[in-house]
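# A look at the structure
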Amino acid sequence: MSAARGAEPQRPSVTIPRLAEMKAAGEPIVMVTAYDYPSAQIADEAGVDVVLVGDTAAMVVLGYDATTPIRMDEMVTMAAAVRRGLKRPLLIGDLPFGTYEASNELAIESAQRYVREAGCDAVKLERGGPSVDRARAIARSGIPVMGHVGLTPQTASALGGFKTQGRSAEAAAKLAEDALALQSVGCFAIVFEAVPAAVTELVASRLDVPTIGIGAGPGTSGQVLVWHDLLGIHGGHSPRFIKRYADMRGEMTDAVRAYANEVRDGRFPGPEHVYSVEPQELDALRRYLEQESLASKSAWEWEPLP
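To start, this report covers the structure provided alongside it. Just so it is clear, the structure is predicted and the values come from calculations on it, not from any experiment. (Residues numbered from 1 in each chain as written. Predicted model: local features only at pLDDT ≥ 70, side-chain atom pairs only at ≥ 80, totals over all residues. Heavy atoms only, no water.)

### Quick word on unusual backbone geometry
Peptide bonds are, in most cases, trans, and in most cases residues other than glycine have a negative phi. Selection rule: Only DSSP runs of H or I with at least four residues qualify as helices, and only runs of E with at least two residues qualify as strands; both kinds are numbered from the N terminus onward. With a 1.4 Å probe rolled over the protein chains alone, any residue whose accessible area is under 20% of its type maximum counts as buried; one over 50% counts as exposed, and the rest are partly exposed.
Between Phe 268 and the following residue, Pro 269, the backbone shows a cis peptide bond with an omega angle of 5 degrees. Mapped onto the fold, Pro 269 is located in the loop between helix H10 (248-265) and helix H11 (279-289). With a phi close to 50 degrees, Ala 194 is a non-glycine residue in the positive phi region. For Ala 194, the location among the structural elements is in the loop between strand S6 (189-193) and helix H8 (197-204). Owing to a relative accessible area of 8%, Ala 194 belongs among the buried residues under this scheme.

Written out as structure tokens, the structure reads:
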């Protein structure tokens, strides 16, 4: 890889024990979402530690206005594509709405699909409460689980919409209880989403497992952002905790517009974009096409060139 492109030195593959070591050493964990093969390749080349195939794909890839409509089959297809593009990062599959809540058996079956069909290293589920039992069951089946507290998009309507969570002492205490419960049943890490920074810092300091923040301040073991948000691909309103590191939507729009203009102006394709043919072969084709009987032939009556 070229140093001019800011390539990271080669590092060993990230494992769950490695994440625990990073937390212990105070080494920040870098996590992003990805949903396809080329994005996974870029994340790998950029040196991120963890890639989440998140159910946010429902909104940023499939065009839904919530995360809940996406199906397990769709998630597995995307996760398998991401797996093919990754070498070093840990790969986590996000369990979509309706694929784990009903029973421990369903939760295990869904988690197994991620491992068996997509090659995921772990799965993630949302909330505490009943999800704690599901997390325990999945972990006991041998599949690592990441928890998720605070704003949980799958149940955003029950939380009053996409709002900051844990602003009152009571709500923050419930968040802490959920996080501790998820840790106690074997979750190897926990995501904190849209939680006041001071609350996150207090709760995270009482956890032994790594914590990953998104809109939760700097007091976690690492950070995660949605691919389309950090690259400026997703249009519309963005939460205040999003930082755009590029305007790829604008650059892509400009590029497609330039292409369209060149096609309409006759500037593309140019001589450098076409293939050549030997003159004698072209002459033979021309003589063949100029036969008067050619136009009257049916497709199955055509004879090869002499």
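### Overview of a nonpolar patch on the surface
Keep this limit in mind: Here, patches come from residues exposed beyond 30% relative accessible area and free of salt bridges, joined within 9 Å for like charges and within 5 Å for nonpolar side chains (Val, Leu, Ile, Met, Phe, Trp, Tyr). Working definition of accessibility: Shrake-Rupley area with a 1.4 Å probe, residue cover restricted to the visible protein chains. The salt bridge definition used is simple: a Lys or Arg side-chain nitrogen within 4 Å of an Asp or Glu carboxyl oxygen.
A surface patch of nonpolar side chains, amounting to about 370 Å² of accessible area, comprises Val 256, Tyr 259, Val 263 and Phe 268. Its place among the elements puts Val 263 in helix H10.

### What about the nonpolar core?
The test is simple: Among buried residues, those of type Ala, Val, Leu, Ile, Met, Phe, Trp, Tyr and Cys that are joined through side-chain atoms within 4.5 Å constitute a nonpolar core. By definition in these notes, contact holds between two residues if any of their heavy atoms fall within 4.5 Å.
Membership of the largest hydrophobic core comes to 57 residues, with the highest contact counts inside it found for Val 51, Tyr 114, Ile 138 and Phe 192. It is helix H4 (residues 72-85) that provides the largest number of residues to this core, a total of seven residues. Among residues more than four places away in sequence, those in contact with Phe 192 are Val 149, Leu 175, Ala 179, Thr 200, Val 203, Leu 207, Thr 211, Ile 212, Gly 213, Ile 214 and Ala 216. Membership of the second largest hydrophobic core comes to 17 residues, among which are Ile 92, Ala 122, Ala 189 and Ile 214.

### Remarks on the pattern of salt bridges
Evaluated as defined, the whole model comprises 14 salt bridges. The shortest N-O distance in the salt bridge between Asp 121 and Arg 83 comes to 3.4 Å. Within this pair, whereas Asp 121 is found in the loop between helix H5 (104-118) and strand S4 (122-124), its partner Arg 83 is found in helix H4, the two being separated by 38 residues in sequence. Exposure remark for Asp 121: the relative accessible area of 30% places this residue in the partly exposed category. A salt bridge links Asp 283 to Arg 286; its shortest N-O distance comes to 2.8 Å. Of this pair, Asp 283 and Arg 286 are both found in helix H11, three residues apart, which corresponds to roughly one turn of the helix.

### Structural notes on the sheet that holds strand S2 (residues 50-53)
For clarity, the cut-off: Note on pairing: DSSP must find at least two bridges between two strands before they are called paired. Only the contacting stretch of a helix is used when fitting its axis, a line to C-alpha atoms as for every element, and angles between N-to-C directions run 0 to 180 degrees.
Taken together, the eight strands give a closed barrel; going around it, the order is S1-S2-S3-S4-S5-S6-S7-S8, and neighbouring strands pair in parallel fashion. The average angle at which neighbouring strand axes cross in this sheet is 25 degrees, direction not considered. Pairing of strand S3 (residues 90-94) with S4, which is carried by three bridges, proceeds in the parallel orientation. In the strand pairing of S4, Ile 92 is matched with Ala 122. On the sheet, H4 packs against S2 and S3 and is oriented at approximately 155 degrees with respect to S2.

### A closer look at the packing of aromatic side chains
Quick reminder of the rule: Ring pairs are drawn from Phe, Tyr and Trp, using the six-membered ring of Trp, whenever the two centres fall within 6.5 Å, and their geometry is named by plane angle: stacked under 30 degrees, edge-to-face over 60, tilted for the rest.
One pass over the full model with this rule turns up one aromatic pair. Measuring from centroid to centroid gives 6.0 Å for Tyr 259 and Phe 268, while their planes differ by 70 degrees, and the two rings are edge-to-face.

### Side note on helix H2 (residues 37-46)
Test applied: Picture the helix axis, draw a direction to every C-beta atom, and the arc is the one those directions span.
Every buried residue belonging to H2 is among Ser 39, Ala 40, Ala 43 and Asp 44, and all of these are buried. Each buried residue of H2 sits inside an arc of 135 degrees when the element is viewed along its axis, so together they form one side. Where H2 is buried, its residues meet strand S1 (29-33), S2, H4 and helix H9 (227-230).

Without other data, these values stay purely geometric and don't point to any function.
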